[in-house]
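# Coordinate inspection notes
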Amino acid sequence: MTTYTDDSLRGYGHRIYERDNFTCRYCGVDGRTSFDVWLTLSVDHLLPKGHPLRDEEEFMVTACKFCNTADNHYFTKYGFSFDGMTPDELVERRRKYVHAVRQQYCAFWEENVKAISQ
Ligand SMILES: [Zn+2]
């Protein structure tokens, strides 16, 4: 079997996607529904660079690429502490910031993309 050690989708991230049912932990998009959706999956680190637990698998979750990069100054912007929280608590805390950015993009899409395609 070929191994894809440098490759998130087929390699190191695959176990994390499987654990999370190939579903973005922030928006719920499901990579099992189509190849196109699966291509958007990525590994999201719940802890900032330099944190000793950052690269532990339990502190990495499945996120679509948009949610992974939405509000990407999250680690420094709000002055949060990241110690002593469970992975689920970290996801819950970040989700509302990700959703706020998604809603701004949705409004743009409705005005500038959807409106001209009808
Ligand atoms: Zn998402």
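Residues numbered from 1 in each chain as written. Predicted model: local features only at pLDDT ≥ 70, side-chain atom pairs only at ≥ 80, totals over all residues. Heavy atoms only, no water.

## Quick word on the pairing of strand S1 (residues 41–45)
- The buried count for S1 comes to four of five residues, which makes it a mostly enclosed element.
- In this structure, S1 lies alongside strand S2 (residues 60–64), joined through five bridges in antiparallel fashion. Looking across to S2, one finds that valine 43 is bridged to threonine 62. (Buried < 20%, exposed > 50% of the residue type's maximum accessible area, 1.4 Å probe, protein only. Helix = DSSP H or I, 4+ residues; strand = E, 2+ residues; numbered from the N terminus. Pairing = 2+ DSSP bridges.)

## Things to note about the packing of aromatic side chains
- Counted by the stated rule, this structure contains eleven aromatic pairs.
- For the pair phenylalanine 75 and phenylalanine 82, a centre-to-centre distance of 5.4 Å together with 70° between the ring planes defines the contact as edge-to-face.
- Its relative accessible area of 26% is what places phenylalanine 75 among the partly exposed residues.
- Look at phenylalanine 82 and you get buried, because its relative accessible area is 7%.
- Chaining the aromatic ring pairs together yields one cluster made of Tyr74, Phe75, Tyr78, Phe80, Phe82 and Tyr97.
- A cation over an aromatic ring shows up here: arginine 94 above the ring of tyrosine 74, its NZ or CZ 5.4 Å from the ring centre. (Phe/Tyr/Trp six-rings, centres within 6.5 Å; stacked < 30°, edge-to-face > 60°. Lys NZ or Arg CZ within 6 Å of the ring centre and 35° of its normal.)

## Focus: the coordination of the zinc ion
- Here the zinc ion is held by the protein donor atoms Cys24 (SG), Cys27 (SG), Cys64 (SG) and Cys67 (SG), which lie 2.3 to 2.4 Å from it.
- Around the zinc ion sit four donor atoms; with metal-centred angles ranging over 99 to 119°, the donor geometry is tetrahedral.
- Mapping the donors of the zinc ion onto the primary sequence yields the spacing C-x2-C-x36-C-x2-C. (Donors = N, O, S within 2.8 Å, 3.2 Å for Na, K, Ca; no water. Tetrahedral: all angles 85-135°; square planar, octahedral: opposite > 155°, others 65-115°.)

## Remarks on the pattern of salt bridges
- This structure, assessed with the given rule, holds eight salt bridges.
- Between aspartate 7 and arginine 10 there is a salt bridge whose closest N-O contact spans 2.6 Å.
- By relative accessible area, which is 46% here, arginine 10 ends up partly exposed. (Salt bridge = Lys/Arg side-chain N within 4 Å of Asp/Glu carboxyl O.)

## Re the nonpolar core
- Residues Cys24, Tyr26, Leu46, Cys67 and Leu90 are the most contacted members of the largest nonpolar core, which totals 17 residues.
- Elements with a minimum of two residues in this core: S2 and helix H5 (87–114).
- With five residues, the top contributor of residues to this core is H5.
- Excluding its chain neighbours within four sequence positions, the residues that come into contact with tyrosine 26 are Asp44, Leu46, Val61, Ala63, Cys67, Val91, Arg94, Arg95, Val98 and His99.
- Of all hydrophobic cores here, the second largest spans seven residues; its members include Ile16, Tyr17, Phe22 and Leu41. (Core = buried A, V, L, I, M, F, W, Y, C linked by side-chain atoms within 4.5 Å. Contact = heavy atoms within 4.5 Å.)

## Description of the side chain of threonine 62
- Counting through the fold element by element, threonine 62 comes out in strand S2.
- The class for threonine 62 is buried, based on a relative accessible area of 0%.
- Those residues in contact with threonine 62 that lie beyond four places of it in its chain are Ile16, Tyr17, Asp20, Phe22, Thr23, Cys24, Arg25, Leu41 and Ser42.

## Remarks on the environment of alanine 70
- Relative to the helices and strands, alanine 70 resides in the loop between helix H3 (65–69) and helix H4 (74–77).
- Under the relative-accessibility criterion, alanine 70 is labelled buried at 3%.
- Excluding its chain neighbours within four sequence positions, the residues that come into contact with alanine 70 are Arg94, Val98 and Val101.

So yeah, pure geometry; function would need other evidence.
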